[in-house]
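Chains, contacts and geometry: an overview
One-letter residues, chain by chain:
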Amino acid sequence: MKITVIGSGYVGLVSGACLAELGNDVMCLDVDPRKIEILQQGGVPIYEPGLEEVIKSNVAAGRLHFTTDVEQSTAHGQVQMIAVGTPSGEDGSADLQYVIAAARAIGRTMSEYKVIVDKSTVPVGTADKVKKAVQDELDKRGVDTKFSVVSNPEFLKEGAAIDDFNRPDRIVIGAEDDQAIKVMQDMYAPFQRNHDRLMVMDIKSAELTKYAANAMLATRISFMNELANLAERVGADIEYVRKGIGSDQRIGYHFLYAGCGYGGSCFPKDIRALQRTGEEHGLPLKVLQAVEEVNHSQKNVLLQKITRRFGENLKGKHFALWGLAFKPGTDDMREATSRVVMEGLWEKGATITTYDPVAMKETQHIYGERNDLRYAENPKDALNEADALVIITEWKAFKSPDFSVIKSRLKQPVIFDGRNLFEPASVTAHGIEYHGIGRENAIQGP
């Protein structure tokens, strides 16, 4: 099948590369010539484990192409997959200007039947806007070329996107004509061999499904974080609570880990967009408002713990930070808790040495050169002469450290663990003071 993917960002590149891996002839379009030049020269402009290898092998096989030529990309694929960005507007709504621009470009250049697929995360009703934009361009040209609009939301986790695309829990298709449904069934046929993963529904239900999924996951995170804060007040250990409620099959263990808040490009943006959709329809979504408020507060919990321990004035204090990305497996710093913590520490006069396996380049891009920020070549070197270690991202490389080395390198043996990586008793047994999330009352060892 010939497929065009419009937008060569995170979703577009992963989708295009994985569809090419299945034997499809895929062309990725982007209006950014610098990005296309990087891809044509064998580079990858984003970090995602395994993506570079998939792209290179399919470019070499002649199944994956990159272009800035709109007419060429429209002519190429019967399926036109729109995977452009939908950033938050000032009012929290999803900014659809790039989606509509892509739709208009298709309408201006198409000459035969196309299935136009909304892959970007978009609010309910976007398919109607895409349909109108395409039809307006066709009317201007005085042509009556047929087309269909389909909603096919992505459910990719940063850091595990290749596996998520190749082994999906479900494939949601929002479509309302048989021809479009048949095209989508053919495109996703390779995923159906083990069992049926395809869920065909009306377009608006498909659009809402994506937002509902992210909203539910964010709700679980904020709920556990609020319970963790309560656990500290009442003398409980949130890890025992997590295991106690997670064992209930109606609840399960996923997304029940207390921590220092969620970030990234999806949850915060999608929560705000869904709230805005509710407001536009006269239905304030009060649960989601609370989810967002809790998350905003939770990003400051580590700072609060640090100032309770060291005081409000941190001038002359130096901290080691492990982890910068909003989650492991990515270099994405968008709305990352590390930014809140670093900026809060700087405001109070502290200096920082940090280490992250992949996100330090992005951090340098955001903050530039600063006298109060240094980068270490490995986790151990970040510890040197620090008054405490602050853990923000749960990279695997941080989960089994040598506590004796940590103690010897820190100026003061103190750990603030924003992801509850360690058992408090194991840490304190090495003579290290330990502060987790919702675990201040955990058994602290001898």
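This is a predicted model, so every value here is computed, not measured.

About the cut-offs
- Residues numbered from 1 in each chain as written.
- Predicted model: local features only at pLDDT ≥ 70, side-chain atom pairs only at ≥ 80, totals over all residues.
- Heavy atoms only, no water.
- Buried < 20%, exposed > 50% of the residue type's maximum accessible area, 1.4 Å probe, protein only.
- Helix = DSSP H or I, 4+ residues; strand = E, 2+ residues; numbered from the N terminus.
- Contact = heavy atoms within 4.5 Å.
- Core = buried A, V, L, I, M, F, W, Y, C linked by side-chain atoms within 4.5 Å.
- Polar contact = N/O pair within 3.5 Å; in protein donor to acceptor, adjacent residues only side chain to side chain.
- Axes fitted to C-alpha atoms, helices over the stretch in contact; angles between N-to-C directions.
- Parallel < 35°, antiparallel > 145°, perpendicular 65-115°, else oblique.
- Left-handed = near helix turned anticlockwise from the far one by under 90°.
- Nonpolar A, V, L, I, M, F, W, Y, C, P; charged D, E, K, R; others polar.

This next bit is on helix α14 (residues 337–347). Here α14 has its buried residues at T337, S338, V341, M342, G344, L345 and W346. Contact partners of the buried residues in α14: α13 (301–310), β9 (318–322), β10 (351–355), α15 (360–367) and β11 (373–375). The positive-phi residue at the C-terminal boundary of α14 is G349, with phi of around 100 degrees.

Bringing the nonpolar core into the picture now. Counting residues in hydrophobic clusters, the biggest one holds 54 residues, and the most contacted among them are F319, L345, L389, I406 and I415. With five residues, α13 is the largest single contributor of residues to this core. Core analysis: the next-biggest nonpolar cluster, separate from the first, contains 41 residues, C28, L156, A161 and I181 among them.

With respect to the helices and strands, the residue S57 is situated in helix α3 (residues 51–60). Separated by 37 residues in the primary sequence, S57 and A20 place their C-alpha atoms 9.6 Å from one another. At a separation of 3.1 Å, a polar atom in the side chain of S57 contacts the main-chain carbonyl oxygen of V54.

Okay, the packing of helix α9 (residues 203–234) against helix α10 (residues 238–246) next. One way to put it is that α9 packs onto α10 with a least axis distance of 9 Å and a crossing angle of 135 degrees. When the interaxial angle is binned, α9 and α10 end up oblique. In this structure, α9 crosses over α10, and the sense of that crossing is right-handed. When α9 is examined against α10, the residues M224, L227, A228 and A231 are found in contact with a partner set consisting of I238, R242 and I245. Among the residues making up the contact of α9 with α10, the classes are represented as six nonpolar, no polar and one charged.

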